[in-house]
Every structure is written in structure tokens, then in C-alpha cells.
Amino acid sequence: SFWDEDWWLDESGTSNLLDKGDKISTHYTASSVTEMDIELGGCNLVIKESEDDCIWLANYSRIKDVKYSLKNGVFKLYFTKSVRYYHDITDNGSIWLYLPKGMDLNAIDMEIGAGKMESMALSAKEIDLDAGAGTFVIEGLSGDDINILVGAGKAEIHSIQAENVYAECGAGEIKVDDLI
């Protein structure tokens, strides 16, 4: 299950923690990743393009114990502790995720608690975004099926190109500039 310790073991059998101040190459290449699963508590995440063919991570935040793993083609990034430890989440800094150009993903699943995610355009066959009280700001989404769920949070997406789009919003806001 998700909470089992071996869930965090990568294919070489080692645990992966990204501590405060670290900037590292995961050595996971675009061709080794088929799905991406990100669960974000009250921390901020910035997604940019990598300068090489590997996924890079940087922790410019006050958050400890950010976990990441690659298992069976699924890259996972997970952290939730910031809301419990800090009162002002806007001052926590950000985790930076650098993705290689040309990733051919089957699925992207992203969940935000109370943090903010700013991202370059993302593409996958299926994309699921879930913003509880958090905020997504994304340049673009493209895929076959895109699902956007917002509770009290916000999703701002410059453009969406998809065969099927499903969006559901509670007390929050969903804004899409261009739907293709």
C-alpha cells in the first residue's frame, strides 16, 4: 500500500529523501517514466523544464523529508507536513521539479492540499488534478481525458487541448483561457 515503507523504495532498493537545500538529479530519464503521481500538502511546487534528459528536484523550502520514487514506471513525489508545522504557507518556499522535454506519459495525477503549484504545460493521455484549498496555475494541459476537481481552491489553466474534459468546482474557482 501507499504507506508501506517499501513503496518508497526505488528499483535499486534505496529510499529517496529530498532534504532542505538539496538540488539533485534523480537519474530518472524521460524514457523510464510512464506516469507521474504528485501529492502536495501545504507546500508550494514549481514545475519547469529540465536542462537534460533527467528529472531533477530542488528543495528551496523549509519542508523536510520530501519523498520521491520511481517504481514500475511511476514517478511519485509526496509531502504533506508543512501545514502542520508552519502557520504561513506562503513563506515556506518551494519545491522545484524539473521534467525532461518529450516525456510520453500515460497518466498524471496531482493533488494539492493548501499549497500552490505553478507549472509549465503538461501532457499525458489522462490528467487528474485535485485542488482542495490549494491553487494550480498551469500554462497548458493536453491529453485524451482531463479531470479537474476543485474544492475551496483554485485552478487557472491557460489552455486545455483534450478529447474529454470534466471539471467540478465547490466553493473555489476554475478558470480556463482557451479550450481546444
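Residues numbered from 1 in each chain as written. Predicted model: local features only at pLDDT ≥ 70, side-chain atom pairs only at ≥ 80, totals over all residues. Heavy atoms only, no water.

## Notes on the packing of aromatic side chains
To be explicit about the condition: Aromatic pairing here means that ring centres of Phe, Tyr or Trp (its six-membered ring) are within 6.5 Å. Orientation follows from the plane angle: under 30 degrees is stacked, over 60 is edge-to-face, and everything else is tilted. Only DSSP runs of H or I reaching four residues or more are called helices, and only runs of E reaching two or more are called strands; each is numbered from the N terminus.
Under the criterion given, the structure shown has four aromatic pairs. Relative to Phe 75, the ring of Tyr 28 lies with its centre 6.1 Å away and its plane at 70 degrees, an arrangement referred to as edge-to-face. Of the two residues, Tyr 28 sits in strand E2 (residues 23–29) while Phe 75 sits in strand E7 (residues 74–79), which places them 47 residues apart along the sequence. Pairing Trp 96 with Tyr 98 gives two aromatic rings, centres 6.1 Å apart and planes at 25 degrees, and the pair type is stacked.

## So, the side chain of Ser 50
Note the following rule: In this scheme, a residue with accessible area under 20% of its type's maximum is buried, one over 50% is exposed, and one in between is partly exposed, where area comes from a 1.4 Å probe on protein chains only. Here a polar contact is recorded for every N or O atom pair within 3.5 Å, except that within protein the pair must consist of a potential hydrogen donor and a potential acceptor, and residues adjacent in sequence are included only if both atoms are side-chain atoms. Here, two residues are considered to be in contact whenever any of their heavy atoms come within 4.5 Å of each other.
Secondary-structure assignment places Ser 50 in the loop between strand E4 (44–49) and strand E5 (54–61). Judged by its relative accessible area of 6%, Ser 50 is buried. Engagement of the side chain of Ser 50 in a polar contact is seen with the side chain of Asp 52, the distance being 3.0 Å. The residues touching Ser 50, leaving out its near neighbours within four places in the chain, are Trp 56, Tyr 98, Leu 99 and Pro 100.

## Quick notes on the environment of Leu 57
Relative to the assigned elements, Leu 57 resides in strand E5. Separated by 38 residues in sequence, Leu 57 and Ile 95 have C-alpha atoms that sit 7.3 Å apart.

## Some thoughts on the side chain of Asn 44
With respect to the helices and strands, Asn 44 occurs in strand E4. For Asn 44, the side chain forms a polar contact with the main-chain nitrogen of Lys 116, separated by 3.1 Å.

## Some thoughts on the nonpolar core
Nonpolar side chains tend to gather and get buried jointly when the protein is soluble and globular. Just so we agree on the cut-off: In this description, a nonpolar core means a group of buried Ala, Val, Leu, Ile, Met, Phe, Trp, Tyr and Cys residues linked to one another through side-chain atoms lying within 4.5 Å.
Grouped together as the largest cluster of nonpolar side chains are 44 residues, with contacts concentrated most on Phe 75, Leu 77, Leu 97 and Met 110. Discounting residues that sit within four places of it in the chain, Phe 75 has contacts with Tyr 28, Val 33, Glu 35, Met 36, Asp 37, Ile 55, Leu 57, Tyr 68, Ser 69, Leu 70 and Leu 97.

## A look at the environment of Glu 35
As for its placement among the helices and strands, Glu 35 is situated in strand E3 (residues 35–40). Its relative accessible area of 32% is what places Glu 35 among the partly exposed residues. Taking the C-alpha atoms as reference, Glu 35 lies 5.6 Å from Asn 106; in sequence the two are 71 residues apart. Not counting residues within four places of it along the chain, the set of residues in contact with Glu 35 comprises Gly 73, Val 74, Phe 75, Leu 105, Asn 106 and Ala 107.

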